[in-house]
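Read off the chains here:
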Amino acid sequence: MRIFKSVAFGISLIGVLGLSACGGGGQTLQHTPKAEEPRATIWDLFKNVDDPNTTVEVNRYIWNASLDVLSFMPVQAADPFSGIIVFGFGRPPGGGTAHKATVYVRDPALDARSLSVALYTSSGPASAEAVRKVEDAILTRARQLRIRDGKL
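These figures come from a predicted structure and were not determined experimentally.

Scoring rules and cut-offs
- All chains use their own residue numbering, which begins from 1 and follows the written sequence.
- Selection of residues for local features in this predicted model requires a pLDDT of at least 70, selection of side-chain atom pairs for listing and counting requires 80 or more, and totals for whole chains, interfaces and linings are taken over all residues.
- Here the side-chain values reflect all heavy atoms present in the structure, with hydrogen atoms and water set aside.
- Only DSSP runs of H or I reaching four residues or more are called helices, and only runs of E reaching two or more are called strands; each is numbered from the N terminus.
- Any residue under 20% of the maximum accessible area for its type is buried, any over 50% is exposed, and the rest in between are partly exposed; the area is computed with a 1.4 Å probe on protein chains only.
- Counting of polar contacts relies on pairs of N or O atoms within 3.5 Å, with two restrictions inside protein: one atom must be capable of donating a hydrogen and the other of accepting it, and residues adjacent in sequence are counted only when both atoms are side-chain atoms.
- Any two residues whose heavy atoms approach within 4.5 Å at even a single point are treated as in contact.
- Each salt bridge in this description consists of a side-chain nitrogen of Lys or Arg and a carboxyl oxygen of Asp or Glu lying within 4 Å of one another.
- Between any two strands, pairing holds if DSSP finds at least two bridges.
- We call Phe, Tyr and Trp rings a pair once their centres come within 6.5 Å, taking the six-membered ring for Trp, and we label the pair stacked below 30 degrees between planes, edge-to-face above 60, and tilted otherwise.
- Placement of a charge over a ring requires the Lys NZ or Arg CZ to be within 6 Å of the ring centre, with the centre-to-atom vector within 35 degrees of the ring normal.
- Confidence of the predictor at the level of single residues is given by pLDDT, which spans 0 to 100.
- Joining through side-chain atoms within 4.5 Å is the link that ties buried Ala, Val, Leu, Ile, Met, Phe, Trp, Tyr and Cys residues into a set, and such a set is a nonpolar core.

A.B. asks: Hey, could you run me through the side chain of S114 in this one?
C.D. replies: Among the secondary structure elements, S114 is positioned in the loop between β3 (99-105) and β4 (115-121). Looking at S114, the relative accessible area reads 2%, which means it is buried. Within the local environment of S114, its side chain forms a polar contact with the backbone oxygen of A109, the two atoms lying 2.7 Å apart. For S114, the residues in contact, after removing those within four places along its chain, are I62, Y104, V105, R106, D107 and A109.

A.B. asks: It is not clear to me how the pattern of salt bridges should be interpreted in this structure. Could you clarify?
C.D. replies: Side-chain pairs of opposite charge can arise where the charged atoms are in close proximity. According to the stated counting rule, one finds four salt bridges in the structure shown. Note that R60 is salt-bridged to D149, the shortest N-O span being 3.2 Å. A residue pair is termed long-range when its members are at least 10 positions apart, and R60 in helix α2 (residues 60-69) and D149 in the segment after α3 (128-148) qualify at 89 residues. Of the residues examined, D149 reaches a relative accessible area of 36% and is grouped as partly exposed. A salt bridge links D111 to R113; its shortest N-O distance comes to 2.6 Å. Residue class for D111 comes out partly exposed when judged on its relative accessible area of 24%.

A.B. asks: Help me out: how do you make sense of α2 in this one?
C.D. replies: Count 3.6 residues to each turn of an α-helix, and residues three or four apart come out pointing the same way. Where α2 is concerned, the buried positions are Y61, I62, W63, A65 and S66. Residues of α2 that are buried make contact with β1 (75-79), β2 (84-90), β3, β4 and α3. Where α2 starts, the residue carrying a side-chain oxygen 2.8 Å from the main-chain nitrogen of Y61 turns out to be N59.

A.B. asks: Would you explain the environment of I138 in this entry?
C.D. replies: When you line up the elements, I138 lands in helix α3. Since its relative accessible area comes to 0%, I138 is described here as buried.

A.B. asks: Even after reading the chapter, I still don't get the sheet that holds β1, so can you show me in this structure?
C.D. replies: Backbone-to-backbone hydrogen bonds join strands into a sheet, with any given pair of strands oriented parallel or antiparallel. The antiparallel open sheet is built from five strands, whose spatial order is β1-β2-β3-β4-β5. Only two strands of the sheet have a single partner each, and these edge strands are β1 and β5 (124-125). Summarising the sheet, β4 and β5 pair through two bridges and their orientation is antiparallel. In the sheet register, T121 faces β5, and the bridge partner there is G124.

A.B. asks: When you look at the packing of aromatic side chains in this model, what are you seeing that I'm missing?
C.D. replies: The description of an aromatic ring pair uses the distance of the two centres, along with the angle that the planes make with each other. What the rule picks out here adds up to zero aromatic pairs. Looking at K100, its charged tip hangs above the ring of Y120, at a distance of 6.0 Å from the centre.

A.B. asks: What am I meant to see in the confidence of the model for the protein here?
C.D. replies: Caution is warranted with low-pLDDT regions, since their predicted coordinates should not be read in detail. Here the protein averages 78 in pLDDT, while 62% of its residues score no lower than 70. Here helix α1 (residues 2-21) is the element of the protein with the lowest mean pLDDT, 57, and β2 is the one with the highest, 95.

A.B. asks: Looking at this model, I keep getting lost on the nonpolar core. Mind explaining?
C.D. replies: The nonpolar side chains of a soluble globular protein tend to be buried with one another. With 22 residues, the main nonpolar core has L70, V103, V117, L119 and I138 as its most contacted residues. Among the elements of the structure, α2, β2, β3, β4 and α3 are those that each provide at least two residues to this core. The dominant element in this core, judged by the number of residues it contributes, is α3, at six residues. Aside from chain neighbours lying at most four places away, what touches I138 is I62, A65, S66, V69, L70, L115 and V117.

Shown next, in the form of structure tokens:
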């Protein structure tokens, strides 16, 4: 009987400590006088408040321009949610050295900071000048696509 009471006390103590951890430790949220911020609770983790149509955080013009400019390379993987396109080896039009590329579209802005290209040849990383030319071609094509849509 004594062991049962000790176990029950231990479980109760763990429960009380667990609930007290959810209390916020006496910190208060600062409110602006104009609008009140909602209080965050543990149950907010289980709410589905994101609209699935707006969760993609990459620039669609840069994404499509990357596919256009590097269309001579086969697409091995593409993830629009993380903004990564992986291309396999392909030769550019007019011959030349075969390249493979990984394109990172990191931001929804149509900006050079949103784009990063890793370009490789069969012997290793491509030159910085080649990478810059590919990035410039993608950004130029992205701007053309945006102008074509009439949003500039």
